[in-house]
Amino acid sequence: MESGGAGITEEQARNRFQLELEFVQCLANPNYLNFLAQRGILRDRSFINYLKYLLYWKEPEYAKFLKYPHCLHMLELLQYEHFRKELVNAQCAKFIDEQQLLHWQHYSRKRMRLQQALAEQTQAQPQTAPPHGNAAAK
């Protein structure tokens with residue numbers, strides 16, 4: 001069964017989606033980016049164009065399938081030549097890796113505090129809510 005006007009089957013479209021999903025998520029790994037940079041892949045014009053094409057993953061209808069949201073930030077940074085050049089340096093990749101680790105370590109604590117504050121605010125809200133009906137208008 002064909003899908004769209006491109007002449008590809010549904011299975012081919014599904015395989016392409018899965019391959020691109022997996023590849024985009026690999027971009028969250030700074031060591032992989034360092035590997036690509038050291039081999040000159042990040043200087044290849046066709047690969048750079050492919051990275052530009054992959055920006056469609058930032059759209060909510062596609063982003064919802066991602067497990068590693070850092071990959072979108074890295075995909076955005078890979079659009080810049082200066083960033084691609086810096087990735088050749090292993091220290092750059094190490095720094096990014098450390099920053100991601102710090103973010104993940106503190107993210108759950110920050111999120112828990114925000115949820116706790118929201119729960120406390122929600123519990124306190126019914127007590128301070130104005131009376132219903134015309135009493136508020138008087």
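Cut-offs used in this document
- Residues numbered from 1 in each chain as written.
- Predicted model: local features only at pLDDT ≥ 70, side-chain atom pairs only at ≥ 80, totals over all residues.
- Heavy atoms only, no water.
- Helix = DSSP H or I, 4+ residues; strand = E, 2+ residues; numbered from the N terminus.
- Buried < 20%, exposed > 50% of the residue type's maximum accessible area, 1.4 Å probe, protein only.
- Contact = heavy atoms within 4.5 Å.
- Areas by Shrake-Rupley, 256 points an atom, 1.4 Å probe, with all protein chains shown as cover.
- Lys, Arg positive; Asp, Glu negative; His and termini not counted.
- Salt bridge = Lys/Arg side-chain N within 4 Å of Asp/Glu carboxyl O.
- Polar contact = N/O pair within 3.5 Å; in protein donor to acceptor, adjacent residues only side chain to side chain.
- Core = buried A, V, L, I, M, F, W, Y, C linked by side-chain atoms within 4.5 Å.
- Phe/Tyr/Trp six-rings, centres within 6.5 Å; stacked < 30°, edge-to-face > 60°.
- Expected span 1.5 Å × (residues − 1).
- Disulfide = S-S within 2.5 Å.

1. A look at the overall build of the protein
Okay, step 1: Each helix and strand in the protein was counted, giving seven helices and two strands.
Okay, step 2: Each helix and strand of the protein, placed in order from N terminus to C terminus, yields the pattern β-β-α-α-α-α-α-α-α.
Okay, step 3: For the protein, buried positions account for 25% of its 138 residues.
Okay, step 4: A separation threshold of at least 6 residues defines the contact pool for the protein, and within that pool the share at least 24 residues apart is 65%.
Okay, step 5: Surface exposure of the protein reaches about 10,400 Å², of which carbon and sulfur atoms provide 55%.

2. Notes on the side chain of Arg 84
Okay, step 1: Along the chain, Arg 84 turns up in helix H6 (residues 81-86).
Okay, step 2: The buried charged residue Arg 84 lacks any salt bridge partner; its closest oppositely charged side chain belongs to Glu 81, at an N-O distance of 5.2 Å.
Okay, step 3: At 3.3 Å, the side chain of Arg 84 forms a polar contact with the backbone oxygen of Leu 42.
Okay, step 4: Not counting residues within four places of it along the chain, the set of residues in contact with Arg 84 comprises Ala 37, Leu 42, Ile 48, Leu 78 and Gln 79.

3. Description of the nonpolar core
Okay, step 1: By size, the foremost hydrophobic cluster in this structure holds 24 residues, and its most contacted members are Leu 42, Leu 51, Leu 54, Trp 57, Leu 78 and Leu 87.
Okay, step 2: Of all the elements in the fold, those that place two or more residues in this core are helix H1 (10-26), helix H2 (30-38), helix H3 (45-53), helix H5 (70-77) and helix H7 (90-128).
Okay, step 3: At four residues, H5 tops the list of elements feeding residues into this core.
Okay, step 4: If we skip the residues at most four places from it in the chain, Leu 51 touches Phe 23, Leu 27, Leu 42, Leu 75, Leu 78 and Gln 79.

4. So, the packing of aromatic side chains
Okay, step 1: Evaluation of the coordinates by the stated rule reveals 12 aromatic pairs.
Okay, step 2: When the centroid spacing of 5.9 Å and the interplanar angle of 25° are considered together, the rings of Tyr 50 and Tyr 53 count as stacked. With a gap of three residues between them, Tyr 50 and Tyr 53 both fall in helix H3, about one helical turn apart.
Okay, step 3: Overall, Tyr 53 belongs to the partly exposed group, its relative accessible area being 34%.
Okay, step 4: Taken together, the ring pairs in this structure connect Phe 17, Phe 23, Tyr 32, Phe 35, Phe 47, Tyr 50, Tyr 53, Tyr 56, Trp 57, Tyr 62 and Phe 65 into an aromatic cluster.

5. Some words on the side chain of Glu 20
Okay, step 1: With respect to the helices and strands, the residue Glu 20 is situated in helix H1.
Okay, step 2: A distance of 2.3 Å separates the side chain of Glu 20 from the side chain of Tyr 56, its partner in a polar contact.
Okay, step 3: With residues near it in sequence (within four places) discarded, Glu 20 still touches Tyr 50, Tyr 53, Leu 54, Tyr 56 and Trp 57.

6. Describing the environment of Gln 100
Okay, step 1: For Gln 100, the location among the structural elements is in helix H7.
Okay, step 2: Separated by 70 residues in the primary sequence, Gln 100 and Pro 30 have C-alpha atoms spaced 9.3 Å apart.
Okay, step 3: In this view, Gln 100 contacts Ala 28, Pro 30 and His 70; residues no more than four positions away in its chain are not counted.

7. Notes on H1
Okay, step 1: End to end, H1 covers 24 Å across 17 residues, agreeing with the expected 24 Å (1.5 Å per residue, within 8%).
Okay, step 2: Every buried residue of H1 is listed here: Glu 20, Leu 21, Phe 23, Val 24 and Gln 25.

8. Some thoughts on the state of the cysteines
Okay, step 1: Counted according to the given criterion, the structure contains zero disulfides.
Okay, step 2: Between Cys 26, a free cysteine, and Cys 71, which holds the nearest cysteine sulfur, the sulfur-to-sulfur gap is 9.4 Å.

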